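Results of the structural survey
Now for the letters of each chain:
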Amino acid sequence: MRPRTPAIAAGARLLGVLAIGVGVVYLAAWFTGSAAAWSAAGAVTMKTNAALGLVLAGIALLAVDGDQVPGRRRAAGVASAAVVLAIGALTLAEHLLRVDLGIDQLLASETPGAAATASPNRMGPPAATSFLLLGAGLLALAWRRGVALHLGIATCVIVLGPAVGYLYGIGRFYGGHATGIASPTVVALLAMGMGVALASSRARGVLLWRDDPGGALLRKLAVPAAATPLALGWVAVQGARRGLYDTATGTGLFAMSLIVVFGFMLWGAAAQLSAASAERERQEEALREADRRKDEFLGVLSHELRNPLAPIRNGIFVLERAPADGEAARQAKEIIRRQTEHLSRLVDDLLDLTRIERGKIQLQLAPLDLSALVRRVCDDHRGMLQAKGLALSVECAEGAWIDGDATRVAQVVGNLLHNAAKFSDGGGAVSVVVRRVDGRAEIRVRDRGIGIAPELLERLFHPFVQGDRDLARTRGGLGLGLALVRTIAELHGGTAEAFSEGPGRGSELVVRFPLVPPPPGT
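Below, the structure is looked at part by part. (Residues numbered from 1 in each chain as written. Predicted model: local features only at pLDDT ≥ 70, side-chain atom pairs only at ≥ 80, totals over all residues. Heavy atoms only, no water.)

Here we look at a nonpolar patch on the surface
Selection criterion: For patches, a residue must show more than 30% relative accessible area and have no salt bridge; joins then use 9 Å for like charges and 5 Å for nonpolar side chains, namely Val, Leu, Ile, Met, Phe, Trp and Tyr. In this description, accessible areas are obtained by the Shrake-Rupley approach with a 1.4 Å probe, and a residue is regarded as covered only by the protein chains that are shown. Salt bridges are defined by distance alone: a side-chain nitrogen of Lys or Arg within 4 Å of a carboxyl oxygen of Asp or Glu. Starting at the N terminus, helices and strands are each numbered in turn, a helix being any DSSP run of H or I of at least four residues and a strand any DSSP run of E of at least two.
Residues Leu90, Leu96, Leu97, Val99 and Leu101 make up a contiguous nonpolar surface patch of about 480 Å² in total accessible area. Mapped onto the elements of the fold, valine 99 is located in the loop between helix 4 (71–97) and helix 5 (125–142).

Shown next as structure tokens:
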């Protein structure tokens, strides 16, 4: 469902106020005798019941339109709508049954023989039918029924004929006993019909207000589709009346203009639907990819969680049987410690990513000497790299100050080093460089490991993404480390990128943070 905008709500209320204003003016005109004088002079005049109906319809629209309508206000709106429906139904019954129910001159009297009037002060069938539909639409609106939109549109359709008559000067469309209706009544009923249609955006399931390609297309074309023929027809009629061309020529020009205008509208609608279809296909493909990655992640997670359990179980078996101070017990404890650290890191990565994506992490920002922090983290991880037979070189420029959270930035550097170690074989080397470039502090971590395929570079920092891997491989990991690197960097206003010349040619990961001036006294 498309959210109701303030503009739609304001538009509905404005149209209701317009109808009340028109009704009040004509009620005052009847009570002061002005309207009776207009009628006696031969003008098609709004009747008193029509004026009363407009006032009540406007009140009902303002009363029932709202997100949380108080009970008394809603009851007043429903009562007003019911009276509107009754006015329309009784007057239409008078026309159809050719009876006088005595309701036409309750408020004011009109001289017999008034223009476009079947009986003194009785509104014509178009107005009576419109009030019947309008009252029903307002009641439907009070109960949040989607049919309110259709009843509002039906009201507009009923008075469309008289509106065209006044616009083109076709008297038979508004001046006969069966078609009689005053121009102010036409305008006010059109306003109320549109007001009900706008207010129906609160109802569920209404096509016009759906947040889908069909609803968007209907909202885009509704007004042009109605206004274009009216405008082109008016131009054609005015040209013929001024003798610029004959009727056949005017009709031909009108038809040609309609074809051109609606052709453009159809082309635009087709382009919009095509774009919406392409976007839907893209989203469906993204969902399929996410589902595939989820399945892969679950498979990797089960593998990564199962792998440490066997050594831990074996270690416990040894501890239960071996002497507590023996070499076997010492080795078993070391295995259990190493495997529980691995499990802890997996769980920590999952929790960190979840907290960050939900906005639950608060950065403790402070001026941070990035070079000093990188040296410290590298020293902490040097033993891990040496154990894998990897040489570590560190080169840090001085004065690389950033505004950062020391714990999280250290986590970034640690994840970069773990990634380099994981995908490098023994005898290789890892280099870490910190430098200042164009107002940013750069951390570059380069390895001579397995490299990265070109098609993977764009997705490398997405959660659960890794290079080509078999579940039987021993490199391990969930593919969360680099996702955390990019997310933490972006929280600091920075970026993360990956570079590689291809599989087997190593890789370079680059993280950038905005530089800040060093603290005073440093």
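After that view of the structure, there is still more to cover.
Things to note about empty space enclosed by the protein
Our working rule: Grid points spaced at 1 Å over the protein atoms alone were grouped into cavities, where a 1.4 Å probe fits but cannot get out, and pockets, open sets with protein on both sides within 12 Å along at least five of seven lines, with lining residues defined by an atom within 4 Å of a point. Grid points are joined across faces, edges and corners, and a volume is the space filled by probe spheres set on the points. Each residue receives one of three labels: charged for Asp, Glu, Lys and Arg, nonpolar for Ala, Val, Leu, Ile, Met, Phe, Trp, Tyr, Cys and Pro, and polar for the others, Gly being one of them.
By the definition in use, this model includes two cavities of 30 Å³ or more. Volume-wise, the largest cavity comes out at about 90 Å³. Lining the largest cavity are 15 residues, and of these Thr45, Lys47, Gly180, Ile181 and Ala182 sit closest to its centre. For the lining of the largest cavity, the per-class residue count stands at eight nonpolar, five polar and two charged.

With respect to unusual backbone geometry
The backbone of alanine 116 shows a phi angle near 55°, a positive value even though the residue is not glycine. Residue position: alanine 116 is located in the loop between helix 4 and helix 5.

Section: the packing of aromatic side chains
Rules: Working definition: rings of Phe, Tyr and Trp (its six-membered ring) pair if their centres are within 6.5 Å, and the pair is stacked with planes under 30 degrees apart, edge-to-face with planes over 60 apart, and tilted otherwise. Buried means the residue's accessible area, taken with a 1.4 Å probe over protein chains only, is under 20% of the maximum for its type, while exposed means over 50%, and partly exposed covers the values in between. Consider the ring centre and the ring normal. A charge sits over the ring if Lys NZ or Arg CZ is within 6 Å of that centre and within 35 degrees of that normal.
Summed over all chains, the structure comprises two aromatic pairs. Here tyrosine 26 and tryptophan 38 contribute two aromatic rings whose centre-to-centre distance is 5.9 Å and whose plane-to-plane angle is 70°, an arrangement assigned as edge-to-face. A residue pair is termed long-range when its members are at least 10 positions apart, and tyrosine 26 in helix 1 (residues 6–31) and tryptophan 38 in helix 2 (residues 34–40) qualify at twelve residues. When its relative accessible area of 17% is taken as the criterion, tyrosine 26 is described as buried. Between tyrosine 166 and tyrosine 174, the aromatic rings sit 3.8 Å apart at their centres with planes inclined by 15°, giving stacked as the arrangement. Since its relative accessible area comes to 18%, tyrosine 174 is described here as buried. Above the ring of tryptophan 143, the side-chain terminus of arginine 74 is found at 4.0 Å from the ring centroid.

A short note on the environment of arginine 440
Rules: Here, residues are in contact when the closest pair of their heavy atoms is within 4.5 Å. Two N or O atoms form a polar contact when they lie within 3.5 Å of each other; inside protein one atom must be a possible hydrogen donor and the other a possible acceptor, and for residues adjacent in sequence the pair counts only when both atoms belong to side chains.
With respect to the helices and strands, arginine 440 occurs in strand 5 (residues 440–447). Sequence separation of arginine 440 and glycine 426 is 14 residues, and the distance between their C-alpha atoms is 33 Å. When near neighbours in sequence (up to four residues on either side) are disregarded, arginine 440 contacts Arg435, Gly493, Gly494, Arg512, Phe513, Pro514 and Leu515. In this structure the side chain of arginine 440 is engaged in a polar contact, spanning 3.4 Å, whose partner is the backbone oxygen of glycine 493.

Concerning the nonpolar core
Nonpolar side chains in soluble globular proteins generally cluster together in the buried interior. Filter applied, for reference: Residues grouped as a nonpolar core are buried Ala, Val, Leu, Ile, Met, Phe, Trp, Tyr and Cys residues, joined through side-chain atoms within 4.5 Å.
Grouped together as the largest cluster of nonpolar side chains are 41 residues, with contacts concentrated most on Met46, Phe131, Leu138 and Leu189. Looking at this core, the elements with two or more residues in it are helix 1, helix 3 (48–64), helix 4, helix 5, helix 6 (147–158) and helix 8 (183–199). Ranked by residue count, the leading element in this core is helix 3, at nine residues. With near-sequence residues (within four places) excluded, phenylalanine 131 lies in contact with Ala50, Gly53, Leu54, Val84, Leu85, Gly88, Met123 and Leu189.

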